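# Structural overview
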Amino acid sequence: MSYIDNIITSIEKRDAGQPEFLQAAKEVLESLRIIVDKDSTYEKAGLLERLVEPERAIVFRVPWLDDSGKVQVNRAFRVQFNSAIGPYKGGLRFHPSVNLSIIKFLGFEQIFKNSLTGLPMGGGKGGSDFDPKGKSDNEVMRFCQSFMTELYRHIGPDTDVPAGDIGVGGREIGFMYGQYKRIVNRFEGVLTGKGIGWGGSLARNEATGYGLVYIVEEYLNKKGDSFKGKKVSISGSGNVAIFAAQKLFSLGAVVVTMSDSNGYIYHKDGINMDTVKDIKLVKRERLTKYAEVHKDAVYKDAGKGRVWDIACDIALPCATQNELLIEDAKTLTANGCKIVAEGANMPTTLDATEYLISKGTAFFPGKAANAGGVATSGLEMCQNSARISWSFEEVDAKLKNIMIGIFGSIDDAAKESGKPGNFVIGANIAGFRKVAKAMLDQGVI
Ligand code: NDP
């Protein structure tokens, strides 16, 4: 049995109850065959055994008082996966589905994503099964304070720097930062996604969505094409989806769909972003409201249709993991979709990914396509360390350069591996090389 097959068999046994982690790990391991099979250094150094095992995984209890005075208890995690190239870096997710498997898959992906940015950041991820939806601001604050009362001892500006993710936006980062500062009595860059005026970076909020658009734009430009007149279908209506859509409209594309966990909207002439922002960012309401405001838009319940049923040139899944299935991949291809770029982490199942690639779709995996968020978090860390603030334009220009650089490295790695145009293999190999070299250089740790 080959080294890679041995590793796959061993994680299947050891982490049998962690389907999302196994899915993410297998995708990366399969891509690495091309280089690992040729070089016994990796096996001798036990490099892959180390790569699939987090350096540390912390599980903790978060007790908090709800508005009625009752004590609630949630479970929380911080998985510090790999610090070979820098302090652990990766978001915090608050969603009822959160468990160790999901946090491990996200932390594992983060290792390669952070490496691709070219910035010195290791991989980590955390979160809780707490659901901020329907909670008052005071309840969210009490939860965040209790969460940080345990987390603070495991993080630090040179150790581990968390950010936001699903369910964790500016409000939650603010509450957690306030509690951290109160406990340690230091004003330091321990979280990213902070507010402007207290250490946050301009353009961090927009970065993941903008970065997603920049990498696809670079691909189009290289082919002498552009976004002008392209029909784009987006899932999700959160941070990533909203800013991707906004940037797309500014480049002449027409975004025709968005969704939330209850259903999707289809607006033939283009989604109105002011309405979406008002519903999702200001009022924190459901997307059903959109069709009440725009009578020519169609709303479909999640049970009654899929956002991927709508014909488009480009599809950007920006909601959550495993939301684009094999049937969706077939529908998209049949309807003429030529590009799929993942704004979310692992939104496309393995079989759907393989199908899309086999049909010649340009497929951009999340670890490359959504790396703009963590890249700009890295830029926030730089500004915090230097105690300076860059303008929106400066940060945006650096972000664009990073995304162009990522396209170059995944495109080159795909070509060097004999799989031109396969950006899954390209991203995994390009991300892995730098981390593997650092691990080998640093000895058996
Ligand atoms: P938000 O919480 O801002 O938005 C998430 C969106 O996805 C919402 O519209 C939400 O709908 C929808 N959604 C969440 N869970 C589900 C589900 N189970 N089924 C259907 N829809 C769902 O999160 P972000 O936009 O920040 O994150 C979206 C994705 O992008 C995640 O995979 C995240 O890991 C990834 N990502 C985010 C980065 C960032 O900087 N924020 C960076 C890199 C990746 P509803 O409102 O109904 O919950």
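Summary of the structure given here. (Residues numbered from 1 in each chain as written. Predicted model: local features only at pLDDT ≥ 70, side-chain atom pairs only at ≥ 80, totals over all residues. Heavy atoms only, no water.)

## Here we look at the site of the ligand
In the neighbourhood of the ligand, 25 residues make up the surrounding shell, with Asp165, Thr208, Ser261, Arg286 and Asn345 lying closest. Threonine 208 has a polar side-chain atom sitting 2.7 Å from an oxygen atom of the ligand. Glycine 343 is positioned such that a nitrogen or oxygen atom in its backbone is 3.5 Å from an oxygen atom of the ligand. Against a free-state accessible area of 900 Å², the protein chains account for coverage of 83% of the ligand. Across the shell around the ligand, the residue classes break down as five nonpolar, 13 polar and seven charged. (Near = heavy atom within 4 Å. Polar contact = N/O pair within 3.5 Å; in protein donor to acceptor, adjacent residues only side chain to side chain. Areas by Shrake-Rupley, 256 points an atom, 1.4 Å probe, with all protein chains shown as cover. Nonpolar A, V, L, I, M, F, W, Y, C, P; charged D, E, K, R; others polar.)

## A short note on the packing of aromatic side chains
Counted by the stated rule, this structure contains 22 aromatic pairs. Taking 5.5 Å as the distance between ring centres and 55 degrees as the angle between the ring planes, the aromatic pair formed by tyrosine 42 and phenylalanine 432 counts as tilted. Linking tyrosine 42 in helix 3 (residues 41-44) with phenylalanine 432 in helix 17 (residues 423-441), this pair joins segments that are 390 residues apart in sequence. On the basis of relative accessible area, phenylalanine 432 is assigned to the buried category, the value being 0%. An aromatic cluster of three or more residues is present, and its members are Phe60, Trp64, Phe94, Phe130, Phe143 and Phe147. We note lysine 247 situated over the ring of tyrosine 210; from NZ or CZ to the ring centre the distance is 4.5 Å. Here the basic side chain of lysine 398 rests over the ring of tryptophan 390, its NZ or CZ set 4.5 Å away from the ring centre. (Phe/Tyr/Trp six-rings, centres within 6.5 Å; stacked < 30°, edge-to-face > 60°. Helix = DSSP H or I, 4+ residues; strand = E, 2+ residues; numbered from the N terminus. Buried < 20%, exposed > 50% of the residue type's maximum accessible area, 1.4 Å probe, protein only. Lys NZ or Arg CZ within 6 Å of the ring centre and 35° of its normal.)

## Focus on empty space enclosed by the protein
This model, assessed by the stated rule, comprises one cavity of 30 Å³ or more. The computed volume of the largest cavity comes to approximately 60 Å³. Along its surface, the largest cavity is lined by Glu27, Glu109, Glu342, Met346, Thr348, Leu350, Thr353, Phe363, Pro365, Gly366 and Lys367. Residue assignment for the lining of the largest cavity shows that the elements contributing at least two residues are helix 13 (350-358) and helix 14 (366-369). (1 Å grid on protein atoms, 1.4 Å probe; cavity = no way out; pocket = protein on both sides within 12 Å on 5 of 7 lines; lining within 4 Å. Points joined across faces, edges and corners; volume = space filled by probe spheres on them.)

## Quick notes on the nonpolar core
Of all hydrophobic cores here, the largest spans 95 residues; its most connected members are Leu48, Phe108, Ile215, Ile234, Met258, Phe364 and Phe432. Of all the elements, helix 17 adds the most residues to this core, at 10 residues. (Core = buried A, V, L, I, M, F, W, Y, C linked by side-chain atoms within 4.5 Å.)

## Topic: the pattern of salt bridges
Applying the stated rule across the entire model yields 28 salt bridges. Put simply, arginine 306 and aspartate 328 hold a salt bridge, and the shortest N to O gap is 2.6 Å. One end of the pair, arginine 306, is in the loop between strand 9 (298-301) and strand 10 (314-317); the other, aspartate 328, is in helix 12 (residues 326-334), with 22 residues separating them in the sequence. With a closest N to O distance of 3.1 Å, arginine 433 and glutamate 416 form a salt bridge. With arginine 433 in helix 17 and glutamate 416 in helix 16 (residues 392-416), this pair connects stretches of sequence that are 17 residues apart. A relative accessible area of 58% places glutamate 416 in the exposed class. Several salt bridges converge on common partners, so that one network encompasses Asp5, Glu30 and Arg33. (Salt bridge = Lys/Arg side-chain N within 4 Å of Asp/Glu carboxyl O.)

## Quick look at the packing of helix 8 (residues 204-222) against helix 16
When two helices pack together, their arrangement is given by the angle between their axes and by how far apart the axes lie. The geometry of helix 8 relative to helix 16 is characterised by a closest axis approach of 9 Å and an angle of 50 degrees between their N-to-C directions. Looking at the two axes, helix 8 sits oblique to helix 16. Between helix 8 and helix 16 the crossing geometry is right-handed. Across the interface between the two elements, Glu206, Ala207, Tyr210, Gly211, Tyr214, Ile215, Glu217, Glu218, Tyr219 and Lys222 from helix 8 touch Phe392, Asp396, Leu399, Lys400, Met403, Ile404, Ile406, Phe407 and Ile410 from helix 16. Here the contact of helix 8 with helix 16 is built from residues that sort into 12 nonpolar, one polar and six charged. (Axes fitted to C-alpha atoms, helices over the stretch in contact; angles between N-to-C directions. Parallel < 35°, antiparallel > 145°, perpendicular 65-115°, else oblique. Left-handed = near helix turned anticlockwise from the far one by under 90°. Contact = heavy atoms within 4.5 Å.)

## Section: the sheet that holds strand 12 (residues 362-364)
With respect to topology, seven strands assemble into an open sheet ordered 9-8-7-6-10-11-12, the strand pairing being mixed. Only two strands of the sheet have a single neighbouring strand rather than two, namely strand 9 and strand 12. In this sheet, neighbouring strand axes are inclined to one another by 15 degrees on average, regardless of whether the strands run parallel or antiparallel. Bridging between strand 6 (residues 231-235) and strand 7 (residues 254-260) involves three bridges; their strand directions are parallel. Across the sheet, residue lysine 231 finds its bridge partner in strand 7, namely valine 254. (Pairing = 2+ DSSP bridges.)

## Comments concerning the environment of valine 184
Relative to the elements of secondary structure, valine 184 occurs in helix 7 (residues 170-184). Taking the C-alpha atoms as reference points, valine 184 and valine 140, 44 residues apart in sequence, are found 21 Å from one another.

## Quick look at a nonpolar patch on the surface
Together, Leu65, Val71 and Val73 make up an exposed nonpolar region whose accessible area comes to about 260 Å². Secondary-structure assignment places leucine 65 in strand 1 (residues 56-65). (Patch = residues over 30% accessible without salt bridge, like charges linked within 9 Å, V, L, I, M, F, W, Y side chains within 5 Å.)

Everything listed here is a matter of geometry and, on its own, says nothing about what the molecule does.
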